[in-house]
Structure formats: C-alpha cells, structure tokens
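# Observations on chain architecture
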Amino acid sequence: MEFRGSHILSIDQFSRSDIDVIFRTAREMEPYARRQKITRVLEGATLGNLFFEPSTRSRISFGAAFDRLGGAVRDTVGFQFSSMSKGESVYDTSRVVGGYVDVMVMRHPVEGAVREFAEATHIPVINGGDGPGEHPTQALLDLYTIRKELGRDLNQLDRTRVAMVGDLRYGRTVHSLTKLLSLFENIDFVFIAPQELQMPEALVEQARNRGHAVVQTTDMHEGISDVDVVYVTRLQQERFTTEEEAGKFLGYYVLNNAIYEKYCKPGTILMHPLPRDSRHGARELDEDLNHRPELAIFRQTDNGIPIRMALFALVLGVADRVHETARDAPWYVPEKIGVHDTK
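Attention here is on the structure that accompanies the text. (Residues numbered from 1 in each chain as written. Predicted model: local features only at pLDDT ≥ 70, side-chain atom pairs only at ≥ 80, totals over all residues. Heavy atoms only, no water.)

Before going further, it helps to spend a moment on unusual backbone geometry. Cis peptide bonds are those with omega within 30 degrees of zero, and the linkage from Leu 274 to Pro 275 qualifies with 5 degrees. Turning to its location among the elements, Pro 275 is positioned in the loop between strand 10 (269–271) and helix 11 (297–302). In this model, Arg 35 sits at a positive phi of 65 degrees, which is unusual for a non-glycine residue. Within the element layout of this structure, Arg 35 appears in the loop between helix 1 (16–33) and strand 1 (37–38). A positive phi angle, close to 50 degrees, is found at Arg 283, a residue other than glycine. (Helix = DSSP H or I, 4+ residues; strand = E, 2+ residues; numbered from the N terminus.)

The following block contains the structure:
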C-alpha cells in the first residue's frame, strides 16, 4: 500500500509486504521509543487524539509515540467533553478537527464509526478501536511482540500455534490479530471460549479458507497444552446489554501459575492486550504469573510505542528522515522499568 497520506482502519488493507515495511520502520524507532535517543522529525506537527471510549494504554501510547517524534498532542476524552454531546455528527467532528491537526487517532464505541470519521477528511486517520470491530494497531504490536518473544523473523512465523482465550465474540483485539495472522501460512488457531462468546464465524471461515487449522473449544486446559502463544483477553462487559448477562461469564477462565505449569509446554508465551481484570472472581490472567519470564504483557505494551511511531512516520511521509535530527537523550532512563522485568 501507499502509506503516505493513508488512513489506517483495518488489518484488511495490509499485505505481508506492508507488515514488513511497518516492522522494519518500527525497529528503526526503537532507540527513540526506549528514550535512548531524541528525534524532532515531526516538530510543528499536531496529533488529534480523540477517544470517545475509556482508554489508558492506547491513548497514552499514541500520544507518547507522537511526542517521541517531536510532535504535539491534543486530546479529547469522552463524549461529555466534545461537541458530540451537543448533537454534532461524526462527519462534522472529523471535518472540523481535521482543520486543526495533521493526523488523527479515533476510538469510538460503535463499530464502523471510525471509518465514517475517516471518510470526511483527507487528514490521515488511525483506528484506535471501534466497538467490537477492530483494533489494527494493537494487532500489529501483538504480532511484533510474538516475533520478538519467539525469536523469529517475520518470514519464520508460518506454522505458529496460537491459542486465544476469553471473550472472542466482542474482543476487537483478537479479531484484528486473527486477520493479521491469517496473512501467514499454516497457522494453527485454537479459539477457547464459551459457546456464546466464540470467535465470529466470518473470521473463522476466513482463516479456514486461507488454509489454516482452526479448533474451537470450551476446554481451556486442553486448548493451551501444545501452543507457542496463549493470548488471553478480558470479558468485554461494556458490550453486554445487562450486567447480569455479562456476570455469567465473569471468571469463566482463569489462567494462573499452577495451571500454566501443569498444562502449558515450557516456554509458552503469555500475552494479554490489557487491562487484565484483577478483581476477585475474575483474574483471567492471574498476578501470580508476574514473575514468569514467559509473561510478555508489559513488553507487549512497550512495543506499542515503536509500532505507533512507525505508523505516524509512514502516513506523514517522514520515515526516511527520522535520523536527521537524532541526538542522545540526556536524562536518566532505567534499563528495566518493572521490578519483575526479565528481558
């Protein structure tokens, strides 16, 4: 694809060669993402960060990625702080904000709203998550993490075995990751969920039509027993009609250290898009796993910075100029961020 000036809305728009471009660019961004070096390649540019749904990681990650490139960030969080609360349309909001900024990120609770937003402007728009639809940048950072954790080049990801556990019906991260992995060859998918929360059939059929093996099961212990990666996702309670309906599935699956040691093969990578639910009775990925080197969830979030930096640089046409203004960062940066970090 031609990245310069393009919207980033869905995994469907990418080919394997596009993923290679993004990942090569992300690797170039890593010294800046790790705060070892500074670049000002986007000095003077402004990001409009429009989040109409709760977010911590994605919103801050997009903003930090733009800051690392030298740009400025303007945030809007929640409908109540936007003119949408006064009845302004998605179209009008897009057209107005597009006149103020150089690139926009949007998260919206309604599937398809980000695409509608993008259709109103020539300013690049990046999908930060649209309801139960997609989250393309999360899938890209997830795949980037899988590649790094398994120690494989992009062309060595064929024949990877991935189990996805939890709310696969409403979890947009697993929708996008399934689409992305389907670009490779002979992927083994194990979809583990209650029958009511299984992966949408269209995505299952897409994977099978591309020659991938797909197993759908409700049995987590069996499903995680012979895979390279276990990707756990929380119950998307906000997508349910009532709390009572969602409550039936709260804590349906719990993966803790004892279960990992009993059922997972050594070295199985553990991932989660976060937030993980730490409340009593939930804990789909228990905190007693924090000491395990196989727990990649925080390295996963760290990888969001170089991936999003790469996308900003590509859509704004400066990916080949990032190093022109490079200099060393003068402040203290610890080698490891968390007390349990092992890599």
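Within the secondary structure, Gln 236 sits in the loop between strand 9 (229–233) and helix 9 (243–247). A polar contact of 3.3 Å, which involves the side chain of Gln 236, links it to the backbone oxygen of Arg 234. Setting aside residues up to four positions removed in sequence, Gln 236 forms contacts with Asp 167, Tyr 170 and Gly 171. (Polar contact = N/O pair within 3.5 Å; in protein donor to acceptor, adjacent residues only side chain to side chain. Contact = heavy atoms within 4.5 Å.)

Counting 66 residues, the largest nonpolar core has Ile 22, Phe 23, Leu 140, Leu 143, Met 164, Ile 307 and Phe 312 as its most contacted members. Sort the elements by how many residues they give to this core and helix 12 (residues 304–315) lands first, with nine residues. Excluding anything up to four places from it in sequence, Leu 143 contacts Ile 19, Phe 23, Leu 154, Leu 157, Leu 177, Leu 180, Leu 181 and Phe 184. The next biggest cluster of nonpolar side chains, apart from the first, holds 20 residues, and it includes Tyr 253, Ile 259, Leu 270 and Leu 274. (Core = buried A, V, L, I, M, F, W, Y, C linked by side-chain atoms within 4.5 Å. Buried < 20%, exposed > 50% of the residue type's maximum accessible area, 1.4 Å probe, protein only.)

Next up on the list: helix 7 (residues 201–209). All of the buried residues in helix 7 are Leu 203, Val 204 and Ala 207. Buried residues along helix 7 cover an arc of 105 degrees about the axis, so they all sit on one side. Exposed and oriented more than 90 degrees from the buried face of helix 7 are Ala 202 and Asn 209. Buried positions along helix 7 lie against helix 6 (172–181), strand 7 (188–192) and strand 8 (213–217). Directly beyond the C-terminal end of helix 7, a positive phi value near 90 degrees is found at Gly 211. (Arc of directions from axis to C-beta.)

Attention now moves to the packing of helix 5 (residues 136–150) against helix 12. Viewed as axis vectors pointing N to C, helix 5 and helix 12 meet at an angle of 125 degrees, and their least axial separation amounts to 9 Å. Between helix 5 and helix 12, the crossing angle belongs to the class labelled oblique. Where helix 5 crosses over helix 12, the handedness of that crossing is right-handed. Counting all contacts with helix 5, which are made through Thr 137, Gln 138, Leu 140, Leu 141 and Tyr 144, the residues of helix 12 involved are Gly 304, Pro 306, Ile 307, Arg 308 and Leu 311. A per-class count over the contact of helix 5 with helix 12 returns six nonpolar, three polar and one charged. (Axes fitted to C-alpha atoms, helices over the stretch in contact; angles between N-to-C directions. Parallel < 35°, antiparallel > 145°, perpendicular 65-115°, else oblique. Left-handed = near helix turned anticlockwise from the far one by under 90°. Nonpolar A, V, L, I, M, F, W, Y, C, P; charged D, E, K, R; others polar.)

Turning our attention to the sheet that holds strand 3 (residues 72–77). Read from one edge of the open sheet, four strands run 3-2-4-5, paired in parallel fashion. One side of each edge strand has no neighbouring strand; the edge strands of this open sheet are strand 3 and strand 5 (125–130). The mean inter-strand angle of the sheet, taken between neighbouring strand axes irrespective of direction, is 10 degrees. As paired strands, strand 2 (residues 46–51) and strand 4 (residues 103–108) are joined by five bridges and run parallel to one another. Residue pairing across strands places Leu 47 opposite Val 103, the latter belonging to strand 4. Sheet strands in contact with helix 12 are strand 2, strand 4 and strand 5, and its direction is about 130 degrees off that of strand 4. (Pairing = 2+ DSSP bridges.)

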